Amino acid sequence: MARSILSASLVRPAWQLGSFRVEGPDEDSFTLAVTALNRLGRQLQGTGARTLARLHVVGSCSPEIDWAFSEALGIPGLDVRRYPSNAPGLWGALAAAAHDDGTAGREAVVAADTATLSPEAAGDRRVRHSAGGVAFLLSKELGLSVLRHGFRGHPPGHSPSMQGAITGWLEALGLSPHGSRGEVVFEVEEEPDRWQAAWEQAAPGITVTVVGGPRVDVGRPSAVEAALLLWELARRLRTGDTGVVGQAVRGRNGFSAFRLDGPVRWLGSWGTGEPGLNPPTDKFLIRKSQLDAVSQGAYLPHPTYLENLAGRWRLVGERCPRCDTLAFPARGRCRSCGRSEGLRSEALPRVGLEVEAVTTISPGAQPTEFDSMVETVGAYDVAVVRLQPGVRATFQVTDAVAGRLRVGDRVAAVLRRLYPMEGEWRYGLKAIPETPGSTPRLGERDPKSPARSARRGSSSVAPRERRATPRGSGGRAERRPQRPR
Amino acid sequence: MGRPPRAAIVGAGHTRFGALPEGPRRLVRDAVDQAVASVDRGVDRESIQELFLSTLGFSGWQLGNAASIAAEEAGRPGLPAVRVENACASGGFALRLAVDAVASGRQDLVLVVGLEKMTDVPHPRRRYWLGVSGDTEWERLAGLTFAGVYGLMAARYAAEYGPVREALSEVAVKNHAHGVLNPNAHFQKAVTREQVSAGPPVAAPLGLYDCCPVSDGAAALLVARPDVARRFTDSPVYIVGSGAGSDHLAVQERSSLTRIDASRAAAEEAFRGAPFDRKRVDLLEVHDCFTIAELLALEDLGFSPRGGAGKLTLSGATRLGGRLPVNPDGGLKAKGHPIGATGVSQAYEVFLQLRGQAGARQVGDAQRALTHNVGGSGATAAVHLFSGG
């Protein structure tokens, strides 16, 4: 049990609709997980980190697409293990990943999910509509941290005092309530203020942040929330610090937690702004009828869809050994000289892509398979981007205000849901703007958006907004979480 | 003076274009009947030896074996018949096959029919069919239909050559003005540049008035071997050049976003060995499915330098009465664009123009003409050159 968190990445999708920010309609557990893992991979470039051997997935995406992780990450034979999309699922995944069985430094844990709201919950403005992906790479090579999993429940009918419960939990983690210095992030659903006071009395040397409060607990991907707690805490730990991150389970009857001994070495991190509220709408629901319907859209048979996933998901093209022409998509024959033997796969860059042309598709001009997406997002952009001189790809633009992208701007390619066909979601790359200034990312400040004041007011219906959430791409910013007032 | 003519048009017919009450069978029958009736010295239907039907098969009402229906409606069941499909360039390619059928000596007289019935389909199904000829895997699944693809080309054109809005609007204004003079046109109504520029957006920078309409219609041509043409008429219209080309289906794979290389290749082949060069062409029928397409066509076909088509258009040179009238029938933009009928309809217009029968839209003393028919966003293209008898 001696593995440190080597690196982590966070993906918080943000979509702006009116005054609310929610996840985009083209994201799901799978795309968020892949995006978080890709970011992690980029952070680890040049650090000597080796290819993943095992991936622990905490999320709701179907186990039937385990193979898709291997394909999307470009790691053949990746061992994918699945855990329920809840906090215990995450703790279980971390415990399994921390177990040393010869794959040290080659295991990652990713928690990623979106909330699926019932129509009733969707209409309830108190419902938090969180979504995101958090990926951790675990390694024992640094030897700096300990991940120790503790859980203690209480027999039914036995309800100890809050202080007593806290003392018991800390002991389970090998910590002395009075002798330990460190930090605890504690999530509880009820009575957060009383819990705060109880922690301060029971463990005076420990800085405690209690998060939680009354909420309608529907549609919240709690595995992601738990992973966020871990992410936040790990960012702050210094040498000699001990950290505990945990969640109370069912009121005060149990506490599931991880202990970390700092510092956790961070190679970098990436995060977006604070989480938002869901819009009071059910348009984000995946309608099963829609998924099962035989599409009136352009037909791509399933085997053809599978034929070039490396190209569709990872921008892998091919280079001719004779004339050195690089082409995308790969078709097994050189565009330039016609050679079909010995073509080499070559991954094209997925960031910093220059827009060569862009159009804005107004509602009504979209192909029918995008009808339901347009119902939700309205107009959208499509861009032809330059992968290399003379090598291009065509992407729908997402996470962006339509009509702002310009020729010459830069975009990055991300995996997203395209549209449903014959019972499955078809995935492919879309572009998100990365040129600062010219095109606001959704969720960033949009000077033309009239509705920010309404959003600020929304905190009154979202008690959990009080929790500070990592933001920005600032790497090692030492932000302390705010205490609830 | 170049090679002798390869084929001659001796009769031509054309239904109205627009949202029509007639079904596809009736449209074929009307166009063929008109073509037969137009033959100056008369023609016995029994002397028609082969039929080429150009149609996308929009709506899928009879996607397979549609040519046999055309033979029935032409009054010649049993005729050798084939459906030709290259999306919006189907008509140009059907004509090319007809030319080859007579130029090779295999047949004396063949029938080309172009048809599309598009407006009898519910809206979502129509939008599905409007996109079937583009690249499915990369363009369509990125959310593009043809308006979107041409929108991208227009955006790139503007990035390379400067503002293009005025010129695009002028293409629409000009072609609508020409459509007013064409009783078969879908739109017989003039528009102003301000109206065009202020039209609802479709695929920026293209708006509603930059797009051709969805139309029903049919056209038919009787194509004869040149040495027998005068049996049918004293004024046949000779086909003196035929060229075709293709390119990558997806725009992203082409050498440029502001050129349609298939058009360039088709024009090169058509002019190779032709009895006249570009300078002597009196009128053009080009494939203006979107206003930007007419600008690209002028450049791809060699009638304007790169980036100069906007200026040429704004100068008035391409209007009726100008130096080089383009799309005197209103073009796809105003006349309408029943997909499979369009390439055949372009040759119909040339047939009228070169025989001095185009009425109010007659290009004075027109002797030589070019038609240019593009499939989708430029995956295929056919060009034909014509001269009057």
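Please read all numbers here as calculations on a predicted model, not as lab measurements. (Residues numbered from 1 in each chain as written. Chains lettered and ligands numbered in written order. Predicted model: local features only at pLDDT ≥ 70, side-chain atom pairs only at ≥ 80, totals over all residues. Heavy atoms only, no water.)

S.K.: Looking at this model, I keep getting lost on the environment of glutamate 356 of chain A. Mind explaining?
M.R.: Tracing the backbone through its elements, the reader meets glutamate 356 of chain A in strand β16 (residues 353-361). Linking glutamate 356 of chain A and alanine 393 of chain A, residues 37 residues apart in sequence, is a C-alpha distance of 9.9 Å. If near-sequence neighbours (up to four positions away) are discounted, glutamate 356 of chain A is found in contact with Val384, Val385, Arg386, Arg392 and Val407 of chain A together with Arg156 and Leu257 of chain B. (Helix = DSSP H or I, 4+ residues; strand = E, 2+ residues; numbered from the N terminus. Contact = heavy atoms within 4.5 Å.)

S.K.: Explain the nonpolar core to me, please; I cannot follow it from the model alone.
M.R.: Nonpolar side chains tend toward joint burial in soluble globular proteins. Judged by nonpolar contacts, the single largest core of 151 residues is most densely connected at Phe30, Leu55 and Leu315 of chain A together with Tyr150, Leu222 and Ile292 of chain B. A per-element tally of this core places helix α5 (residues 146-161) of chain B first, with eight residues. Judged by nonpolar contacts, the second largest core, of 35 residues, contains Ile239, Ala244, Leu283 and Ala358 of chain B. (Core = buried A, V, L, I, M, F, W, Y, C linked by side-chain atoms within 4.5 Å. Buried < 20%, exposed > 50% of the residue type's maximum accessible area, 1.4 Å probe, protein only.)

S.K.: What should I look at first to understand the pattern of salt bridges in this one?
M.R.: Between side chains of opposite charge, a pair can form as their charged atoms come close. Evaluation of the coordinates by the stated rule reveals 44 salt bridges over all chains. The shortest N-O distance in the salt bridge between glutamate 354 of chain A and arginine 386 of chain A comes to 3.6 Å. One end of the pair, glutamate 354 of chain A, is in strand β16; the other, arginine 386 of chain A, is in strand β17 (residues 380-388), with 32 residues separating them in the sequence. The partner of arginine 361 of chain B in a salt bridge is glutamate 349 of chain B, with the nearest N and O atoms 2.7 Å apart. Here glutamate 349 of chain B lies in helix α12 (residues 339-354) and arginine 361 of chain B lies in the loop between α12 and β10 (368-375), a separation of twelve residues in the sequence. In this pair, the class of arginine 361 of chain B matches that of glutamate 349 of chain B, namely buried. Beyond isolated ion pairs, a larger network of salt bridges with shared partners links Glu354, Glu356, Arg386, Arg392 and Arg410 of chain A. (Salt bridge = Lys/Arg side-chain N within 4 Å of Asp/Glu carboxyl O.)

S.K.: Can you help me understand the interface of chain B and chain A in this one?
M.R.: Many descriptions give the size of an interface as the accessible area lost when the pieces come together. If you look at the interface, chain B gives 32 residues, while chain A gives 41 residues. For the pairing of chain B and chain A, the buried interface totals around 3,000 Å² over both sides, and the portion due to carbon and sulfur atoms is 55%. Between chain B and chain A we count five salt bridges in total. Salt-bridge contacts for arginine 127 of chain B lead to aspartate 371 of chain A; the nearest nitrogen and oxygen are separated by 2.9 Å. Taken together, the connections running from chain B to chain A amount to 19 residue pairs in polar contact (both at pLDDT 80 or more). For the side of chain B that touches chain A, the elements supplying multiple residues, two or more each, are α4 (123-130), α5 and β5 (201-203) of chain B. Class assignment of the residues belonging to the side of chain B that touches chain A gives a composition of 15 nonpolar, nine polar and eight charged. (Buried area = accessible area lost by both parts, 1.4 Å probe. Polar contact = N/O pair within 3.5 Å; in protein donor to acceptor, adjacent residues only side chain to side chain. Nonpolar A, V, L, I, M, F, W, Y, C, P; charged D, E, K, R; others polar.)

S.K.: In this structure, what is going on with the sheet that holds strand β15 (residues 344-347) of chain A? I would like to understand it.
M.R.: To summarise the sheet geometry, strands pair through backbone hydrogen bonds and adopt either a parallel or an antiparallel arrangement. All names here are of chain A. Spatially, three strands are ordered β14-β13-β15 in an open sheet, and the strand pairing comes out antiparallel. In this open sheet, the two edge strands, each paired with only one partner strand, are β14 (326-327) and β15. As judged from the four bridges shared by strand β13 (residues 316-319) and β15, these two strands associate in the antiparallel manner. Its bridge partner being in β15, arginine 319 is matched across the sheet by arginine 344. (Pairing = 2+ DSSP bridges.)

S.K.: Which parts of the structure should I look at to understand the packing of helix α5 (residues 162-172) of chain A against helix α6 (residues 192-202) of chain A?
M.R.: Packed helices, taken two at a time, are described by the angle their axes make and the gap between the axes. Residues and elements named next belong to chain A. At a minimum axis distance of 9 Å, the contact between α5 and α6 shows a crossing angle of 60°. Taken together, the axis directions place α5 and α6 in an arrangement best described as oblique. Along this stretch, α5 crosses α6, giving a crossing that reads as right-handed. Here α5 contributes Met162, Gln163, Ala165, Ile166, Thr167, Trp169 and Leu170 to the contact with α6, which in turn contributes Arg194, Trp195, Ala198, Trp199, Gln201 and Ala202. (Axes fitted to C-alpha atoms, helices over the stretch in contact; angles between N-to-C directions. Parallel < 35°, antiparallel > 145°, perpendicular 65-115°, else oblique. Left-handed = near helix turned anticlockwise from the far one by under 90°.)

S.K.: Which parts of the structure should I look at to understand the packing of helix α6 (residues 165-180) of chain B against helix α9 (residues 291-300) of chain B?
M.R.: Residue and element names in this part refer to chain B. The N-to-C vectors of α6 and α9 enclose an angle of 100°; their axes lie 8 Å apart at closest approach. Judged by the angle between their axes, α6 and α9 are roughly perpendicular. On the side of α6, the interface is formed by Ala167, Leu168, Val171, Ala172, Lys174 and Asn175, while α9 contributes Thr291, Ile292, Glu294 and Leu295. Residues of the contact of α6 with α9, tallied by class, amount to six nonpolar, two polar and two charged.

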